[in-house]
Amino acid sequence: MRILLVEDNLALAEGLQAILRGSGYVVDFVADGASAEAATAAQAYDLVILDLNLPEMDGLDVLRAMRARQNRAAVMILTARGLPEERVRGLDLGADDYMIKPFDVPEFEARIRVLLRRQAGLRSSVISHGGVTFDLTSRTFSCSGTPLDIPAREIALLELLFLRMGKVVSKEAIVASLTGFDDDLSANAIEQYVSRLRKRLMPHGLTVKTARGIGYYLEAASVAPSGAA
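Being a predicted model, the structure only gives us computed values, none of them experimental.

Next up on the list: the nonpolar core. Grouped together as the largest cluster of nonpolar side chains are 48 residues, with contacts concentrated most on Leu47, Ile49, Phe108, Ile112 and Phe162. In this structure, Phe162 is in contact with Ile127, Ser128, His129, Val132, Phe134, Phe141, Leu206 and Leu218, ignoring residues within four places of it in sequence. Membership of the second largest hydrophobic core comes to 19 residues, among which are Leu4, Tyr45, Leu52 and Ala95.

All right, on to the pairing of strand β12 (residues 215-219) then. In terms of burial, β12 is a largely internal element, 5 of the 5 residues being buried. What you see with β12 is no split at all: Gly215, Tyr217 and Glu219 on one side and Tyr216 and Leu218 on the other are buried throughout. In this sheet, β12 lies alongside strand β11 (residues 207-211) in antiparallel orientation, the contact comprising 5 bridges. Within the sheet, the bridge partner assigned to Lys209 lies in β12 and is Tyr217.

A word on the pattern of salt bridges. Counted under the stated rule, the structure contains 15 salt bridges. Among the salt bridges present, the one from Arg81 reaches Asp58, with a minimum N-O distance of 2.9 Å. Remark: Asp58 occurs in the loop between β3 (47-50) and α3 (59-68) and Arg81 occurs in the loop between β4 (74-79) and α4 (84-92); sequence separation between them is 23 residues. Between Lys209 and Glu219 there is a salt bridge, with the nearest N and O atoms lying 4.0 Å from each other. Of this pair, Lys209 sits in strand β11 while Glu219 is found in strand β12, placing the two residues 10 residues apart along the sequence. Take Glu219: its relative accessible area is 13%, and that puts it in the buried class. A single network of salt bridges, built from pairs that share partners, joins Glu7, Asp51 and Lys101.

What the rule picks out here adds up to 4 aromatic pairs. Between Phe103 and Phe108, the ring centres sit 5.2 Å apart and the planes meet at 40 degrees, which makes this aromatic pair tilted. Its relative accessible area of 21% is what places Phe103 among the partly exposed residues. Ring plane angle 80 degrees and centroid distance 5.2 Å describe the contact between Phe141 and Phe162, whose orientation is recorded as edge-to-face.

Between helix α1 (residues 10-22) and helix α5 (residues 105-119), the least distance of the axes is 12 Å, while the angle of their chain directions is 55 degrees. Considered as vectors, α1 and α5 are oriented oblique to each other. Crossing angle aside, the handedness with which α1 passes α5 is right-handed. Here Leu16, Ile19 and Leu20 of α1 come into contact with α5, specifically with Val105, Phe108, Glu109 and Ile112. Here the contact of α1 with α5 is built from residues that sort into 6 nonpolar, no polar and 1 charged.

Attention now goes to the sheet that holds strand β1 (residues 2-6). The strands making up a sheet associate through hydrogen bonds between their backbones, and the pairing can be parallel or antiparallel. One open sheet accounts for 5 strands, arranged β2-β1-β3-β4-β5; its pairing is parallel. At either end of the open sheet lies a strand with only one pairing partner, and these are β2 (26-30) and β5 (97-100). Ignoring strand direction, the axes of neighbouring strands in this sheet form an average angle of 20 degrees. In this sheet, β5 lies alongside β4 in parallel orientation, the contact comprising 4 bridges. Within β5, the position partnered with Leu78 by the bridge is Met99.

Below, the discussion takes up unusual backbone geometry. Geometrically, the link from Lys101 to Pro102 is a cis peptide bond, its omega value of -10 degrees lying close to zero. The residue Pro102 is located in the loop between β5 and α5 in this model. Within the chain, Glu56 stands out as a residue other than glycine whose phi angle is a positive 75 degrees. Position of Glu56 relative to the elements: it lies in the loop between β3 and α3. Not every positive phi belongs to a glycine, and Ser144 is a case in point at roughly 55 degrees. For Ser144, the location among the structural elements is in the loop between β8 (140-143) and β9 (146-147).

Rules used throughout
Residues numbered from 1 in each chain as written. Predicted model: local features only at pLDDT ≥ 70, side-chain atom pairs only at ≥ 80, totals over all residues. Heavy atoms only, no water. Core = buried A, V, L, I, M, F, W, Y, C linked by side-chain atoms within 4.5 Å. Buried < 20%, exposed > 50% of the residue type's maximum accessible area, 1.4 Å probe, protein only. Contact = heavy atoms within 4.5 Å. Helix = DSSP H or I, 4+ residues; strand = E, 2+ residues; numbered from the N terminus. Pairing = 2+ DSSP bridges. Salt bridge = Lys/Arg side-chain N within 4 Å of Asp/Glu carboxyl O. Phe/Tyr/Trp six-rings, centres within 6.5 Å; stacked < 30°, edge-to-face > 60°. Axes fitted to C-alpha atoms, helices over the stretch in contact; angles between N-to-C directions. Parallel < 35°, antiparallel > 145°, perpendicular 65-115°, else oblique. Left-handed = near helix turned anticlockwise from the far one by under 90°. Nonpolar A, V, L, I, M, F, W, Y, C, P; charged D, E, K, R; others polar.

Below you can see the structure in the form of structure tokens.
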């Protein structure tokens, strides 16, 4: 899952990036409102963590512009501005959550999990397909209680396909979800990840199918996916 962090306090931003990347998320970072506006207009994110007191463009204006474009990414406002009327305004403009600095890190991480679970349309943090179970809290996959030993990039790919079970995910969406501003991932690399993941999953009742010319989807039974050619 891909997150945009918008924070002009560089020391705090570095700490938050370490926390988020340590949990396996792909994180892009910008330090001003204008860059946040450009990033959210150009790239699809699962979550935007948004400060309000930003150079060049206030965070609420960034949020307003996002929702005006029908951008449905989850938005967590993370700010020192904690007056009740400010919280109400942020939530009314379309924020999904509002946290006040300073904050408790475990609570911050838990709220992120809730927002991402909601984005994926999940009620529970544990879901199963075939013989594989995914725990969204720990972001781990297991089979019969035994963790699947899968490299980080393949875990990210499996998570993307797992949360969209039976639905085609385009190659472009895979690249966007697995890479940040400073990363580069070729189509050949995606094919290699898919091939290795397919071999790992076959013994567990899942397979990665190819929708020719479009992308890939995960299947546990012989059911045609939505959007497949």
